[in-house]
Amino acid sequence: MSTNPIHVLARRLFGKQHDALDDEQRRVIAKVHEGMPIARDAADAADEAATVGDRLADRVAAIGGSWGFIVAFSVLLIAWMLLNSEVLAQRGTAFDPYPYILLNLMLSTVAALQAPIIMMSQNRQASKDRLAASLDYEVNLRTELEMIRLHEKIDRAVGDKLDELIAVARRPVEDKAAQAASPSG
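Treat the numbers as computed from the prediction; the structure is a model and nothing was measured. (Residues numbered from 1 in each chain as written. Predicted model: local features only at pLDDT ≥ 70, side-chain atom pairs only at ≥ 80, totals over all residues. Heavy atoms only, no water.)

Draft legend 1. Structural view of unusual backbone geometry. Of the consecutive residues Tyr-98 and Pro-99, the connecting peptide bond is found in the cis state with omega at 20 degrees. With respect to the secondary-structure elements, Pro-99 resides in the loop between helix 5 (67–91) and helix 6 (101–181). Notably, Tyr-100 is not glycine yet its phi reads approximately 55 degrees, a positive angle. Within the secondary structure, Tyr-100 is located in the loop between helix 5 and helix 6. Judged by its relative accessible area of 11%, Tyr-100 is buried. (Helix = DSSP H or I, 4+ residues; strand = E, 2+ residues; numbered from the N terminus. Buried < 20%, exposed > 50% of the residue type's maximum accessible area, 1.4 Å probe, protein only.)

Dropping the structure here:
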């Protein structure tokens with residue numbers, strides 16, 4: 001039987017051998033043993049693991065999914081159409097006259113590039129959510145284990161106090177019994 005304090009904690013708090021615990025439970029047991037906090041910010045943990053591509057996808061999704069982008073892109077489209085339908089068409093120099101084939105090609109290209117980038121950002125957000133759930137589980141597990149340990153301490157303290165009170169209560173009874181049994185009493 002192992003006397004390693006972490007293995008003892010695992011058996012006492014989980015009722016399992018340390019080797020039978022999953023990774024999250026092992027991290028929690030180690031932090032309980034060290035007396036260290038376990039809470040971490042999921043956003044910070046995800047950002048530490050983010051690649052350049054992840055950060056770029058997040059920025060593109062943040063810009064492409066904003067009202068500012070929608071308004072600016074709408075203004076650009078209207079300007080393109082006015083420029084090619086009114087201003088340059090009157091001079092006969094319109095580079096993309098109605099039905100705006102070049103504009104349609106550019107819009108299709110932007111959509112073809114933007115969609116997978118936004119999906120990458122959504123996948124990254126889902127990964128952040130899974131990490132947050134895992135970190136929440138570890139904190140909840142740590143809290144539960146600490147509550148168990150506190151209950152054990154309180155139970156021991158109450159038990160010790162009851163033993164003292166019982167011992168104090170028995171003394172007068174034992175003293176009377178001893179006096180009654182003594183020949184001089």
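Draft legend 2. Looking closely at helix 2 (residues 23–34). Compared with the 16 Å implied by 1.5 Å per residue over twelve residues, the 17 Å span of helix 2 between its first and last C-alpha is a close match. If you check which residues of helix 2 are buried, you get Gln-25, Val-28, Ile-29 and Val-32. Seen end-on, helix 2 carries its buried residues on one side only, within an arc spanning 100 degrees. N-capping of helix 2 is provided by Asp-22, with a side-chain oxygen placed 3.2 Å from the backbone N of Glu-24. Following helix 2 by one or two positions, Gly-35 adopts a phi angle in the positive range, close to 75 degrees. (Expected span 1.5 Å × (residues − 1). Arc of directions from axis to C-beta. Polar contact = N/O pair within 3.5 Å; in protein donor to acceptor, adjacent residues only side chain to side chain.)

Draft legend 3. Structural view of the confidence of the model for the protein. Mean pLDDT over the protein: 89, with 98% of residues reaching 70 or higher. The spread of mean pLDDT over the elements of the protein runs between helix 3 (residues 42–49), the lowest at 86, and helix 5, the highest at 92. (pLDDT = per-residue confidence, 0-100.)

Draft legend 4. Just the packing of aromatic side chains, in detail. By the definition in use, this model includes three aromatic pairs. Aromatic pair Trp-80 and Phe-95: ring centres 5.2 Å apart, planes at 85 degrees, arrangement edge-to-face. Of this pair, Trp-80 sits in helix 5 while Phe-95 sits in the loop between helix 5 and helix 6, and the two are 15 residues apart along the sequence. Ring geometry for Tyr-98 against Tyr-100: centres 5.6 Å apart, planes inclined by 90 degrees, an arrangement best described as edge-to-face. (Phe/Tyr/Trp six-rings, centres within 6.5 Å; stacked < 30°, edge-to-face > 60°.)

Draft legend 5. Inspection of the pattern of salt bridges at higher detail. Under the criterion given, the structure shown has nine salt bridges. Measuring nitrogen to oxygen at the nearest pair gives 2.5 Å for the salt bridge that ties Arg-27 to Glu-138. Note that Arg-27 is positioned in helix 2 and Glu-138 in helix 6, a separation of 111 residues in sequence. Residue classification places Glu-138 among the buried residues on the basis of a relative accessible area of 2%. The shortest N-O distance in the salt bridge between Lys-161 and Glu-164 comes to 3.7 Å. Pair noted here: Lys-161 and Glu-164 are both in helix 6, with a separation of three residues, about one helical turn. (Salt bridge = Lys/Arg side-chain N within 4 Å of Asp/Glu carboxyl O.)

Draft legend 6. Expanded view of the packing of helix 4 (residues 52–64) against helix 6. One can describe the packing of helix 4 onto helix 6 by two numbers: an axis separation of 8 Å at closest approach and a directional angle of 110 degrees. In terms of orientation, helix 4 lies roughly perpendicular with respect to helix 6. Taken as a pair, helix 4 and helix 6 cross one another with a handedness that is left-handed. Mapping the contact onto sequence places Asp-54, Ala-57, Asp-58, Val-60, Ala-61 and Gly-64 in helix 4 and Gln-114, Ile-117, Ile-118, Met-120, Ser-121, Arg-124 and Lys-128 in helix 6. (Axes fitted to C-alpha atoms, helices over the stretch in contact; angles between N-to-C directions. Parallel < 35°, antiparallel > 145°, perpendicular 65-115°, else oblique. Left-handed = near helix turned anticlockwise from the far one by under 90°. Contact = heavy atoms within 4.5 Å.)

Draft legend 7. Structural detail: the nonpolar core. Counting residues in each nonpolar core, the largest one holds eleven residues, listed as Leu-9, Ala-10, Leu-13, Phe-14, Leu-21, Val-28, Ile-29, Val-32, Ile-38, Leu-141 and Leu-145. Elements with a minimum of two residues in this core: helix 1 (5–14), helix 2 and helix 6. Ranked by residue count, the leading element in this core is helix 1, at four residues. (Core = buried A, V, L, I, M, F, W, Y, C linked by side-chain atoms within 4.5 Å.)

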